[in-house]
Protein chains: 2
Amino acid sequence: MARIVQKYGGTSVGDVERIKKVAERIKAVREEGNELVVVVSARSGVTNELIARAKAVCAEPSEREMDMLLATGEQETIALTAMALHGVGVKAVSYTGAQAGIFTDKHHTKAKIKTINAAPIERDLNDGKVVIVAGFQGINEDGQITTLGRGGSDLTAIALAAAVQADKCEIYTDVDGVYTADPRVVKNAVKLNEISYDEMLELASSGSKVMQSRSVEFASKYDVVFEVRSSFNHNPGTIVKQEVAYMEKVVVRGVAVDKDQAKVTVSNIVDRPGSAARVFRALAEANVIVDMIVQNIGRGGVANLTFTVPQTDSQKAVRAIEPALKEIGGGTVDVKGPIAKLSVVGVGMKTHSGVAAMLFQVLAEAGINIDLISTSEIKITVAIDLARADDAARLAHAAFALDKL
Amino acid sequence: MARIVQKYGGTSVGDVERIKKVAERIKAVREEGNELVVVVSARSGVTNELIARAKAVCAEPSEREMDMLLATGEQETIALTAMALHGVGVKAVSYTGAQAGIFTDKHHTKAKIKTINAAPIERDLNDGKVVIVAGFQGINEDGQITTLGRGGSDLTAIALAAAVQADKCEIYTDVDGVYTADPRVVKNAVKLNEISYDEMLELASSGSKVMQSRSVEFASKYDVVFEVRSSFNHNPGTIVKQEVAYMEKVVVRGVAVDKDQAKVTVSNIVDRPGSAARVFRALAEANVIVDMIVQNIGRGGVANLTFTVPQTDSQKAVRAIEPALKEIGGGTVDVKGPIAKLSVVGVGMKTHSGVAAMLFQVLAEAGINIDLISTSEIKITVAIDLARADDAARLAHAAFALDKL
């Protein structure tokens, strides 16, 4: 007997038939004697429908009301999933985020989980019930409904796995696991049996669509081992866990592409201490996530800053920066986007050199211009032209022989 | 400046265009300086869609999960309505039933309001915000989401009007007010300018679709004067209030037909004290509402009980009665339905006689057989064949000259 947290994404619970299939899957695991906490997302498409309705009544819906609206998506799914379990004779009870004791900060649409009071869930698990929890949502100390932002349901699952001290955490999605590259782009991409948190993190932050980085960070922080796998078959997925020594034998474990980036250039800032800090503080206050920062000092005591932001946040970034520039005495801001970010990732890079050289070489040979470069211990990222992103991914995948993993 | 509670039903907020129209209507009232609490229902059709999905995953969904599911309908509307108000520059904030402090008993799908903590609403009204509250839902002391059953949104509005001591309560619906009869059946039915709680109650309990009786009872108990009117025009509606002396000049104020009834006959019960009580206790425990009770003693010390129940509850009634009959030593139960109930209602009946005689005469002349009769101070009800119900309504309307009101 184990205590298992499972998470089913929007595609897995996309309609009543799929919800019934999920119920059968849960029933099988329950009948093996396991305790189960199941996190579900909104049915696929529902969140987009709700957003479309919101936009139809108001050009810029308030974030507080957006959370109120979007939270209904998961609430529908938890009720239907609990009912489907009752339908197959399994005791089950649904929980909204608030009922599951998921307390967040006050940051609507992008709230962070502060604490989880798992006592009610423990009680229902002890009563032999499968507990179905709405992913993506929580409640703040004022009793307001919050949502956790993109990938929020994964975060709910991992946070709950930590809170209830689960033996296993399974993230069910519409892909079989984590691949060396996006199989739609790189035909000979292969599924990884396991991957370290750090690698998964770097892949996530580099645009691999499997999971958002914050969920992986949370798992890493609380040492929650989880498996990413498909709800449409019974294939084993990819296990994500702390790095172990043998992992370093593989130099590069994956190639990721993020096509939803914009390059922001802030030019002619007076070069004095605090100028750059003021710009980034403005971005932080606007909750814009910044990556690949390059600063260089131009002529005449002025500096230029270049960095990438998610394409969707690029106008928000400009609106945040402009008043900051006025405050520090001038400067201009330009945006180019969408552009692509290509990353190669692997914990083996820590102990192997020459990865950057190899990557730059294959891109140069293919005539792909590199706009910005950033590196970490286990990742090299380049900003490149969107139109060449898929070529670049295929070239890098081949150069590092990832199809042989 | 007045404090106004408005309630918009599902048709009034049926889609984003209608929600925007409601927002314009609210804006106009707000700009006259009034304070506003607005109760909204789920968009029309949404509740039925949700029920269909529930039935698709489970033949008999649990009531607790049904409440969890159905509560999403209103939650969507409150968010969209608040957004639509923001879109036209009106400060507004949405409240779920729980956030509005609507505490109910534990009776899922048919919960009763126990108390309302209006402090948060008061605070937002004082801040100049329009407060949008989800109708139909509340929370019980265990933190479970409950729903109030049919007509629950009206009840929410009237209970809130009492709780915030509103000057006016307006129930917006898709009809212009309360008519002397259903205008689809009786072509020359006329709209009433006002009606007493008791008359409205008798009409509601007799199947007039405008409002459920529990909302009117609540209004009567807390003396909440309310107006039933259309959200699609600016015509004055029908004001519902305590009875005043001049109302008695009108003998009959309306004719109502309920076509969703069943006649339950319990035969051959041993006629001893407590037998009938046992049957009705079983029905009460199953939450089946019983009307038009007739008991007669047959030969051989056995009694027969006949009464009407809503057609949808007829099987539930049978399931409740059968074990009770075993307990009291035998008896059989039969159901006939759907049948119709026709009522004529008016506070003037208290001081005028001959109403029953007139009704029985016109029905007899038309060959309409009367199955059961029940009377109150201000109402006469007859159970008749469903197929003759519309004829009977037209005949009664003409007999009491209701088109001349």
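The rules behind these values
Residues numbered from 1 in each chain as written. Chains lettered and ligands numbered in written order. Predicted model: local features only at pLDDT ≥ 70, side-chain atom pairs only at ≥ 80, totals over all residues. Heavy atoms only, no water. UniProt positions renumbered as here; feature names shortened; annotations may be inferred. Helix = DSSP H or I, 4+ residues; strand = E, 2+ residues; numbered from the N terminus. Least-squares fit on C-alpha atoms with pLDDT ≥ 70 in both. Contact = heavy atoms within 4.5 Å. Buried < 20%, exposed > 50% of the residue type's maximum accessible area, 1.4 Å probe, protein only. Expected span 1.5 Å × (residues − 1). Polar contact = N/O pair within 3.5 Å; in protein donor to acceptor, adjacent residues only side chain to side chain. Pairing = 2+ DSSP bridges. Axes fitted to C-alpha atoms, helices over the stretch in contact; angles between N-to-C directions. Domains from an automatic or database assignment. Buried area = accessible area lost by both parts, 1.4 Å probe. Salt bridge = Lys/Arg side-chain N within 4 Å of Asp/Glu carboxyl O.

J.: Hey, could you go over the UniProt feature "domain: ACT" (unreviewed entry) in chain A for me, with residue numbers and the actual values?
T.: Taking the UniProt record as the reference, the feature "domain: ACT" (unreviewed entry) is found at residues 264–340 and 344–405 of chain A. The span residues 344–405 of chain A is 35% helix and 24% strand, and its two end C-alpha atoms sit 14 Å from each other.

J.: Got a sec to walk through the relation of the copies chain B and chain A? Specific residues and values, please.
T.: By a simple turn and slide, chain B fits onto chain A: the slide is 0.0 Å along the axis, the RMSD is 0.1 Å, and the turn is 180°. In the structure described here, the two chain copies are related by an operation that fits a two-fold rotation axis. The position closest to the rotation axis in chain B is occupied by the C-alpha of B:Thr72, lying 2.5 Å away. A share of 100% of interface residues in chain B that are also interface residues in chain A marks the association as one of identical surfaces.

J.: Can you explain unusual backbone geometry? Please cite residues and give values.
T.: For the bond from A:Gly337 to A:Pro338, the omega torsion is 0°, close enough to zero to count as cis. Among the structural elements, A:Pro338 can be located in strand E16 (residues 332–345). A positive phi angle, near 50°, is found at A:Gln165, a position not held by glycine. Residue classification places A:Gln165 among the exposed positions, given a relative accessible area of 68%. Positioned with a positive phi, B:Met292 is a non-glycine residue whose angle comes to about 55°. Turning to its location among the elements, B:Met292 is positioned in strand E14 (residues 291–297). Owing to a relative accessible area of 3%, B:Met292 belongs among the buried residues under this scheme.

J.: Tell me what's going on with helix H2 (residues 46–57) of chain A, and back it up with residues and numbers.
T.: Given a rise of 1.5 Å per residue, 12 residues ought to cover 16 Å, and the 17 Å separating the end C-alpha atoms of H2(A) matches this to within 8%. Tucked inside the fold, the buried residues of H2(A) contact helix H3 (63–87) of chain A together with helix H1 (16–31) and helix H3 (63–87) of chain B.

J.: Summarise the side chain of B:Lys263; cite the residues concerned and give the values.
T.: Within the secondary structure, B:Lys263 is located in strand E13 (residues 254–270). Ignoring anything within four residues of it in the chain, the contact list for B:Lys263 reads B:Thr306, B:Phe307, B:Thr308, B:Asp334, B:Val335, B:Lys336, B:Ile339, B:Asp371 and B:Leu372.

J.: Summarise the UniProt feature "binding site: substrate" (unreviewed entry) in chain A; cite the residues concerned and give the values.
T.: Residue and element names in this part refer to chain A. In the numbering adopted here, UniProt assigns the feature "binding site: substrate" (unreviewed entry) to Thr47 and Glu74. Spatial clustering of the annotated residues is evident: they stretch over 28 residues in sequence, but the largest pairwise C-alpha distance comes to 9.0 Å. Structurally, Thr47 can be placed in helix H2. With a relative accessible area of 24%, Thr47 lands in the partly exposed category. When sequence neighbours within four positions are dropped, the list of residues in contact with Thr47 reads Ala42 and Leu70. Inspection of the secondary structure assignment puts Glu74 in helix H3. Here Glu74 is in contact with Val40, Ser41, Ala42, Ala134, Gly135, Phe136 and Gln137, once residues within four sequence places are set aside. Among the polar contacts made by the side chain of Glu74, one reaches the main-chain amide nitrogen of Ala42 at a distance of 3.3 Å.

J.: Can you tell me about the sheet that holds strand E12 (residues 238–241) of chain B, naming the residues and giving the values?
T.: Residue and element names in this part refer to chain B. Read from one edge to the other, the open sheet built from 8 strands follows the order E3-E6-E2-E1-E9-E11-E12-E10, with strand pairing classed as mixed. For this open sheet the edge positions go to strand E3 (92–95) and strand E10 (194–196), each flanked by a neighbour on one side alone. Strand-to-strand twist in this sheet, taken as the mean axis angle between neighbours without regard to direction, amounts to 20°. Examined bridge by bridge, E10 and E12 share 3 bridges and lie parallel to one another. Considered in E12, the bridge of Ile195 is made with Val240. Docked against the sheet, helix H4 (residues 119–126) engages strand E1 (3–8), strand E2 (35–40), E3 and strand E6 (130–134), running at close to 130° with respect to E2.

J.: Pulling in residues and values, what's your account of the domain arrangement of chain A?
T.: Domain parsing of chain A yields domain 1 (3–174) and domain 2 (255–404). Measuring from the centre of the C-alpha atoms in domain 1 of chain A to the corresponding centre in domain 2 of chain A gives 34 Å.

J.: Before we move on, could you go through the interface of chain B and chain A and cite the residues and values that matter?
T.: On the side of chain A, 38 residues touch chain B, which itself brings 38 residues to the contact. Summing the contributions of chain B and of chain A, the shared interface buries around 2,900 Å²; its carbon and sulfur component is 66%. The largest per-residue losses of area from chain B upon contact with chain A belong to B:Val57, B:Glu65 and B:Met83, which jointly make up 23% of the total buried on that side. Applying the counting rule to chain B against chain A returns 2 salt bridges. Between A:Glu76 and B:Arg53 there is a salt bridge; the shortest N-O distance is 2.8 Å. Linking chain B to chain A there are 12 residue pairs in polar contact (both at pLDDT 80 or more).

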